[in-house]
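The lines below spell out each chain.
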Amino acid sequence: MTDALSPGSPASSVGLRRKYRFATEVVTVDNSDDPHNAASVPIYQSATFKQKTAAGGGEYDYSRSGNPTRTHLENHLAKIMGASRALAVTSGMSALDVITRLVRAGEEIIAGDDLYGGTNRLLTFLATSQNIKTHHVDTTCSESVLPFLDPVKTRLVLLETPTNPLIKICDIPTIAKYVHEKCPNALVVVDNTMMSPYLQRPLELGADISYHSATKYLSGHHDLMAGIVGTRESSVADQLYYVINATGCGLGPFDSWLLLRGVKTLAVRMDKQQASAIRIAEYLENQGFKVHYPGSRKHPQYELHKRIADGPGAVLSFETGDIGISERIVEAAKLWSISVSFGCVNSLISMPCRMSHASIPAHIRAERSLPEDLIRLCIGIEDCEDLLEDLELALLSAGALPGLDAKAT
Ligand SMILES: *Cc1c(COP(=O)(O)O)cnc(C)c1O
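Nothing here was measured: the structure is a model prediction, and the numbers come from that model.

## Some thoughts on the site of the ligand
Taken together, 13 residues sit near the ligand, with Gly92, Asp191, Ser213, Thr215 and Lys216 positioned nearest. Contacts to the ligand include Met93, whose backbone N or O atom sits 2.9 Å from an oxygen atom. A distance of 2.7 Å separates an oxygen atom of the ligand from a polar atom in the side chain of Thr215. Protein contact buries 94% of the 380 Å² of open area that the ligand shows by itself. Partitioned by chemical class, the residues of the shell around the ligand number five nonpolar, five polar and three charged.

Next up, the structure:
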């Protein structure tokens, strides 16, 4: 169907800029081209679009190549990401798949050593079957990328900040500067899923590409899977669009609509989730647990995170010192569902080493100092007092608060 640069390819979003503050822009979806002035962007649940002439050439012809609901979503997300163009695909992993297709056999990727599990799996696949090698480095130290930067071979530098579940921070502007100085052809790519564009906008910090699992905060309700890629240069987006059209991973109209609906409340959801997360992190620290949260002054990169992001977010992890105790806490919590993922309006609790990160071999988990007793909390929009009470009851019944018997009676 439509080719990347043919006149028929829907020209989405190039050059849009924000006029108002984020919370205003995110709830304001431009639908001014609607023939009936619909308040909500309609779902164009159609695979094909009729053409006026034998030569075709209409704005839309086939939904793999372009669909009006998807275009509205892409324009809206480009605006809130500060991207020249954004593209919507079927999952976060699909977003990374599309990006990594810019890398040719023999070229290299530099990436963090504490990445999302699915990202590791895709990078391993590229190494074993496509002759694309990834160097994993500790991105908390910006200089660690330097020895691997090769002006000929390096194609992507892939960053995540904060990482999950250890909440390590990397200095996007400094690393981007190193990469661009030494490797003008390399692209700095940031997985911004954990922060969302409300709290962190990597394209404004020097990254070339930012992507999200929209399954998380962007949609906010755990009722769809989607991925979003945004680029600083529209020429990079054009190359990615070519891949999306060639492979057929563009987001369908119904999921595009659902995501457009969910993202409108991103700022209010995140404000509420973050305010509760700050209180819960404080509570756990006061009980003597080791807490990993960039909003804690004890976080080793507290100042760095504050410089690059507008808030600490709503995911934190803590150590109990004992795997059995951690298991009992997770199972005793009633308001907190035992679940992988994050970014939902409901609160979640999990032990990463047992669930989301179980696919990483134990010796590598140990090498990366991923504590087996680690508990991850993803804070939702429930009443914070209820969340704290429920957590305290779970800690008590698991025997994690030995000094608290007196206080409890
Ligand atoms: C969930 C997640 C992904 C993958 O997204 P899917 O939508 O599940 O494919 C990638 N990166 C991070 C940081 C994630 O949390």
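## Quick notes on the sheet that holds strand S6 (residues 209-213)
Ordered in space as S1-S7-S6-S5-S4-S2-S3, the seven strands form an open sheet in which the pairing is mixed. Each edge of the open sheet is held by one strand with a lone partner, namely strand S1 (85-89) and strand S3 (133-137). Strand-to-strand, the axes of this sheet are offset by a mean angle of 20°, without reference to chain direction. Packing against the sheet, helix H7 (residues 234-247) makes contact with S1, strand S4 (154-160), strand S5 (187-191), S6 and strand S7 (227-231), and its axis sits at approximately 20° to S1.

## Here's the deal with the nonpolar core
Judged by nonpolar contacts, the single largest core of 67 residues is most densely connected at Leu77, Ile228, Leu259, Leu284, Leu377 and Leu395. Within the second largest apolar cluster, 29 residues are counted, among which are Leu102, Val103, Leu115 and Val236.

## Overview of the domain arrangement of the protein chain
Along its sequence, the protein chain is carved into domain 1 (1-85 + 230-264), domain 2 (92-214) and domain 3 (266-408). Its C-alpha centre places domain 1 at a distance of 37 Å from the equivalent point of domain 3.

## Some points on the environment of Leu102
The topology assignment puts Leu102 in the loop between helix H3 (92-100) and strand S2 (108-112). When the C-alpha atoms of Leu102 and Gly118 are compared, they prove to be 19 Å apart, with 16 residues separating the residues in sequence. Not counting the four nearest positions on each side in its chain, Leu102 is found in contact with Glu107, Arg155, Leu187, Ile209, Val236, Gln239 and Leu240.

## A few points about the UniProt feature "modified residue: N6-(pyridoxal phosphate)lysine" (unreviewed entry) in the protein chain
Mapped onto the present numbering, the UniProt feature "modified residue: N6-(pyridoxal phosphate)lysine" (unreviewed entry) falls on Lys216. For Lys216, the position within the fold is in the loop between S6 and S7. Lys216 sits in the buried class, given a relative accessible area of 8%. The contacts of Lys216, once residues within four sequence positions are left out, are Tyr116, Thr193, Ser341, Phe342 and Gly343.

## Re the pairing of S6
Along S6, five of the five residues are buried, which leaves the element largely enclosed by surrounding structure. Here S6 shows no split at all, with Ile209, Tyr211 and Ser213 on one side and Ser210 and His212 on the other all buried. Here S5 runs beside S6; their pairing, made up of three bridges, is parallel. Bridge pairing links Val189 to Ile209 in S6. Sheet topology note: the S6/S7 ladder contains five bridges and is antiparallel. Its bridge partner lying in S7, Ile209 is registered against Thr231.

## Re helix H9 (residues 266-286)
Note on helix geometry: an α-helix contains 3.6 residues per turn, so any two residues three or four positions apart are oriented the same way. Taking 1.5 Å of rise per residue, the 21 residues of H9 would be expected to cover 30 Å, and the 30 Å separating its terminal C-alpha atoms lies within 8% of that figure. One or two positions beyond H9, positive phi appears at Gly288, with a value near 95°.

## Remarks on the sheet that holds strand S11 (residues 348-350)
Spatially, the five strands line up as an open sheet ordered S8-S9-S12-S11-S10, and their pairing is mixed. In the strand order of this sheet, the two ends are held by strand S8 (290-292) and strand S10 (337-338), each with one partner. Strand direction decides the pairing type here: strand S9 (residues 315-319) and strand S12 (residues 375-378), joined by four bridges, are antiparallel. When the sheet's bridge partners are listed, Val315 is paired in S12 with Cys378. The strands touched by H9 are S8, S9 and S12; relative to S9, the strand with the most contacts, the crossing angle is about 10°.

## Some points on the environment of Ser235
Inspection of the secondary structure assignment puts Ser235 in helix H7. Along the backbone, Ser235 and Ser84 are 151 residues apart, and their C-alpha atoms lie at a distance of 9.4 Å.

## Digging into the pairing of S7
Note on strand geometry: in a regular strand, side chains alternate between the two faces of the sheet. Extensive coverage of S7 is indicated by the burial of five of its five residues. Here S7 shows two buried faces, one formed by Gly227, Val229 and Thr231 and the other by Ile228 and Gly230. Taken together, the five bridges between S1 and S7 define a ladder with antiparallel strand orientation. Bridged to Leu87 within S7 is Val229.

## Quick look at unusual backbone geometry
Residue Thr161 is joined to Pro162 through a cis peptide bond whose omega torsion reads -5°. Along the polypeptide, Pro162 turns up in the loop between S4 and helix H5 (172-182). Each neighbour pair has its own omega, and for Asn164 with Pro165 the value is 10°, a cis peptide bond. Examined against the element boundaries, Pro165 turns out to sit in the loop between S4 and H5. Even without glycine at this site, Asn37 takes up a positive phi of about 55°.

## A short note on the pattern of salt bridges
Counting across every chain of the model gives 12 salt bridges. The structure contains a network of salt bridges with shared partners spanning Arg201, Glu204 and Asp310.

## Considering helix H13 (residues 384-397)
For H13, built from 14 residues, the straight-helix expectation of 20 Å at 1.5 Å per residue is met to within 8% by its first-to-last C-alpha distance of 20 Å. Every buried residue of H13 is listed here: Cys384, Leu387, Leu388, Asp390, Leu391, Ala394 and Leu395. The buried side chains of H13 occupy one side of the element, clustering within an arc of 165° when seen end-on. Structural note: H13 exposes Leu393 and Ser397 on the side pointing more than 90 degrees away from its buried face. Buried residues along H13 sit against H9, S9, helix H11 (323-332) and S12. Among the residues of H13, the N-terminal cap falls to Asp383, whose side-chain oxygen and the backbone nitrogen of Glu385 are separated by 2.8 Å. Positive phi appears at Gly399, one or two residues downstream of H13, with a value of about 75°.

Thresholds, definitions, all that
- Residues numbered from 1 in each chain as written.
- Predicted model: local features only at pLDDT ≥ 70, side-chain atom pairs only at ≥ 80, totals over all residues.
- Heavy atoms only, no water.
- Near = heavy atom within 4 Å.
- Polar contact = N/O pair within 3.5 Å; in protein donor to acceptor, adjacent residues only side chain to side chain.
- Areas by Shrake-Rupley, 256 points an atom, 1.4 Å probe, with all protein chains shown as cover.
- Nonpolar A, V, L, I, M, F, W, Y, C, P; charged D, E, K, R; others polar.
- Pairing = 2+ DSSP bridges.
- Helix = DSSP H or I, 4+ residues; strand = E, 2+ residues; numbered from the N terminus.
- Axes fitted to C-alpha atoms, helices over the stretch in contact; angles between N-to-C directions.
- Contact = heavy atoms within 4.5 Å.
- Core = buried A, V, L, I, M, F, W, Y, C linked by side-chain atoms within 4.5 Å.
- Buried < 20%, exposed > 50% of the residue type's maximum accessible area, 1.4 Å probe, protein only.
- Domains from an automatic or database assignment.
- UniProt positions renumbered as here; feature names shortened; annotations may be inferred.
- Expected span 1.5 Å × (residues − 1).
- Salt bridge = Lys/Arg side-chain N within 4 Å of Asp/Glu carboxyl O.
- Arc of directions from axis to C-beta.

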